[in-house]
Amino acid sequence: MQEQKSFNQDTEWGSLYLVPTPIGNLEDMTFRAINILKEVDVIAAEDTRESKKLCNYFEIDTHLISYHEHNKESSGHKILELMKQGKNVALISDAGMPIISDPGSQLVEEILAENGKVIPLPGANAALTALVASGITPQPFFFFGFLERQKKEKKKQLEQLSKRTETMIFYESPHRLKETLAVMSEILGNRRICLSRELTKRFEEFVRGTISDAVMWSEENQIRGEFCLIVEGRDENDVPAEEKWWDSMTLEEHVNHYVSEGYASKEAIKQVAKERSIPKRDVYQSYHVDQ
């Protein structure tokens, strides 16, 4: 077991502070977060241009270095070396809690592997902010983040998630929202959902209803801003007492199972539709059209 006493000064190493930054409203920055950013030797930022605006607002003149998805290997090594020299480093993302759907987990793992200290600060986070205002059961919840961009892979992920009874939390970009909602309607059915965007900002908006309501809303309104989606989990009463042999399979894998046994694709689709109690056209669409 590895034991960390965060505030014991018994090491020559510096510490890595995980510092949340506002997701929209700069007044959500905590006093402690401001002080830490002023006191550390270096701030590692996902986008130094965006972080400079935050630093200027709070009169923070700490040196900024970049740490993002495309330089995490080289920058991570640099941060590790700074910490070995006794330097304290703060990691921030463009907005919200570092590492959540942002780079940083690899850096934390490397530091902990060398028995360095990783000290988290509480603060702004889009997922929990959206969850508590959604009107959907807040716990237990399952945070997923961004679904795959490709429709076929997105369907596979949602098919695997469809059996979860926890409330689910997703992030989605504005230009992929319509497709994601349509796929959710197909795979998850007409569950309750809450869409939120521009959280903590002037144009903060919540859209609450069913998934079919959300699909209609997305067709009738201009989609702007990144979204957080809170989706109701599967009703526990709808979960079968015994799992079927094909429960872990996607529709495509289920059909291919019968094709491999000598079924024609048409008969395989018919059999899958019968076993899953869904329309044949849905299986056909997934197997032939969306591949």
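Please refer to the structure higher up on the page.
In short, a report on the structure. (Residues numbered from 1 in each chain as written. Predicted model: local features only at pLDDT ≥ 70, side-chain atom pairs only at ≥ 80, totals over all residues. Heavy atoms only, no water.)

To continue, consider the nonpolar core. In terms of nonpolar packing, the biggest core is built from 21 residues, with Leu-158, Phe-170, Met-184, Ile-193, Leu-195, Leu-229 and Val-231 touching the most fellow members. Elements with a minimum of two residues in this core: helix H6 (151-161), strand S7 (167-172), helix H7 (177-188), strand S8 (192-197), helix H8 (211-220) and strand S10 (227-231). With six residues, the top contributor of residues to this core is H7. For Phe-170, the contacting residues outside a window of four places in its chain are Phe-144, Gly-145, Leu-147, Leu-158, Leu-161, Met-184, Phe-227, Cys-228, Leu-229 and Val-231. The next biggest cluster of nonpolar side chains, apart from the first, holds 19 residues, and it includes Tyr-17, Ala-33, Val-40 and Ile-43. (Core = buried A, V, L, I, M, F, W, Y, C linked by side-chain atoms within 4.5 Å. Buried < 20%, exposed > 50% of the residue type's maximum accessible area, 1.4 Å probe, protein only. Helix = DSSP H or I, 4+ residues; strand = E, 2+ residues; numbered from the N terminus. Contact = heavy atoms within 4.5 Å.)

A separate point is helix H9 (residues 251-260). Turning to H9, its buried residues number three or more, namely Leu-251, Glu-252, His-254, Val-255 and Tyr-258. Relative to the axis of H9, the buried residues are bounded by an arc of 165 degrees and lie together on one face. Looking one or two residues past H9, Gly-262 carries a phi angle of roughly 105 degrees, positive in sign. (Arc of directions from axis to C-beta.)

The parallel open sheet is built from five strands, whose spatial order is S3-S2-S4-S1-S5. Both outer strands of the open sheet, strand S3 (63-66) and strand S5 (117-120), are each paired with one neighbouring strand and no more. Here the average twist between neighbouring strands, direction ignored, is 25 degrees. Bridging between strand S1 (residues 15-18) and S5 involves four bridges; their strand directions are parallel. Counterpart to Tyr-17 in the pairing with S5 is Ile-119. Together, strand S2 (42-45), S3 and strand S4 (89-92) form the strand contacts of helix H2 (residues 48-57), whose direction differs from that of S3 by roughly 155 degrees. (Pairing = 2+ DSSP bridges. Axes fitted to C-alpha atoms, helices over the stretch in contact; angles between N-to-C directions.)

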